[in-house]
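What follows is each chain in one-letter form.
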Amino acid sequence: AEGFLNRGNFHDSGSSTRSDFDGVNIIARQILFSYSKIAEAIGAKYVRKLANYNYQLGREVEIQRAVRAYFDVLLSKHLLHLADLNRKMLKTGLYQVRVARKLNLKTPDEVEFVESDYEDAIADDLKARTAYSDSIALLEHLVNRQVHFIRPLKQKILSRIKQPPSLAVWEKRARQHN
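In what follows, the accompanying structure is described.

Thresholds applied
- Residues numbered from 1 in each chain as written.
- Predicted model: local features only at pLDDT ≥ 70, side-chain atom pairs only at ≥ 80, totals over all residues.
- Heavy atoms only, no water.
- Helix = DSSP H or I, 4+ residues; strand = E, 2+ residues; numbered from the N terminus.
- Buried < 20%, exposed > 50% of the residue type's maximum accessible area, 1.4 Å probe, protein only.
- Contact = heavy atoms within 4.5 Å.
- Areas by Shrake-Rupley, 256 points an atom, 1.4 Å probe, with all protein chains shown as cover.
- Salt bridge = Lys/Arg side-chain N within 4 Å of Asp/Glu carboxyl O.
- Phe/Tyr/Trp six-rings, centres within 6.5 Å; stacked < 30°, edge-to-face > 60°.
- Lys NZ or Arg CZ within 6 Å of the ring centre and 35° of its normal.
- Core = buried A, V, L, I, M, F, W, Y, C linked by side-chain atoms within 4.5 Å.
- Patch = residues over 30% accessible without salt bridge, like charges linked within 9 Å, V, L, I, M, F, W, Y side chains within 5 Å.
- Expected span 1.5 Å × (residues − 1).

Here we look at the overall build of the chain
In step 1: The helix and strand inventory of the chain stands at 4 helices and 2 strands.
In step 2: When the helices and strands of the chain are read in sequence order from the N terminus, they spell out β-β-α-α-α-α.
In step 3: Of all 178 residues assigned to the chain, the portion counted as buried reaches 15%.
In step 4: Long-range contacts, defined here as pairs at least 24 residues apart, represent 53% of the contacts in the chain between residues at least 6 apart.
In step 5: Accessible area for the chain stands at about 15300 Å²; split by element, carbon and sulfur atoms hold 57% of it.

Now the structure itself:
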């Protein structure tokens, strides 16, 4: 709103002074339509929707990372078990080869070959242990709590996955999809 005073005529004729005031004007304005306010409201609605979408997308990505980390833990635990079995098997084989060498049934080269395999198995076992501890650490970081025990997938879930009847079917599928 704005206002001002209208002054009419002001006369000064020596002995008398006269002034006429026409009145006071007050102007009030009200905006009926403000495009900028409407655009701001509509924009805020879309910004809110976008923020919600980004939040949901972020949650989905974190869930996927946690699931992937869980499967990495299961895989590394399985690989650790296999590496441990391989190391134990080669340790037994090394013992047998050394006994055979004492009986002159094996050459020194054969003993060295098995010793080399056994040392490789020890290194593989250490790598598997490191991979397992790294995968556990990543899972703990993602779920923000300590992981003491990982439950494997239930056999019921695994049995729902269609299994091909033979190795040839596996090979055929692998060739088709690779």
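Now that the structure is up, let's keep going.
Considerations on the pattern of salt bridges
In step 1: Applying the stated rule across the entire model yields 7 salt bridges.
In step 2: Taking the shortest distance from any N to any O, the salt bridge between Arg65 and Glu62 comes out at 3.3 Å. Residue Arg65 and its partner Glu62 are located together in helix H1 (residues 35–102), separated by 3 residues, close to a single helical turn.
In step 3: For Arg65, a relative accessible area of 35% puts it in the partly exposed group.
In step 4: Owing to a relative accessible area of 37%, Glu62 belongs among the partly exposed residues under this scheme.
In step 5: Here Arg98 ties to Glu115 by a salt bridge, and the two come within 2.9 Å at their closest N and O atoms. A residue pair is termed long-range when its members are at least 10 positions apart, and Arg98 in helix H1 and Glu115 in helix H2 (residues 108–143) qualify at 17 residues.
In step 6: In the salt-bridge network here, residues are joined through shared partners; they are Asp84, Arg87, Lys88, Asp125 and Arg129.

Points about the packing of aromatic side chains
Aromatic ring pairs are reported here in terms of the distance separating the ring centres and the angle at which the planes meet.
In step 1: Counted according to the given criterion, the structure contains 1 aromatic pair.
In step 2: Their ring planes at 65 degrees and their centres at 5.4 Å tell us that Tyr70 and Phe71 sit as a pair that is edge-to-face.
In step 3: On the basis of relative accessibility, which here comes to 21%, the residue Tyr70 falls in the partly exposed class.
In step 4: Using a relative accessible area of 40% as the deciding quantity, one classes Phe71 as partly exposed.
In step 5: One cation-aromatic arrangement involves Lys45 over Tyr46; the distance from NZ or CZ to the ring centre is 6.0 Å.

Re the nonpolar core
In step 1: Core analysis: the biggest nonpolar cluster contains 8 residues, these being Ala69, Val73, Leu74, Ile136, Leu139, Leu142, Val147 and Ile150.
In step 2: Elements supplying a minimum of two residues to this core: H1 and H2.
In step 3: Setting aside residues up to four positions removed in sequence, Ile136 forms contacts with Val73, Val147 and Ile150.
In step 4: Counting residues in hydrophobic clusters, the runner-up holds 7 residues, among them Leu90, Leu94, Val97 and Tyr118.

So, a nonpolar patch on the surface
In step 1: Residues Leu50, Tyr53, Leu57 and Val61 make up a contiguous nonpolar surface patch of about 380 Å² in total accessible area.
In step 2: Residue position: Val61 is located in helix H1.

A closer look at H2
In step 1: Taking 1.5 Å per residue as the helical rise, H2 with its 36 residues ought to reach 52 Å, and the 53 Å between its terminal C-alpha atoms agrees with that figure.
In step 2: Looking at H2, one finds that the buried residues are Val111, Val114, Tyr118, Ala121, Asp125, Ala128, Ser135, Ile136, Leu139 and Leu142.
In step 3: Contacts made by the buried residues of H2 are with H1.
In step 4: Taken from the residues just after H2, Asn144 is the one with a positive phi, measuring 60 degrees.

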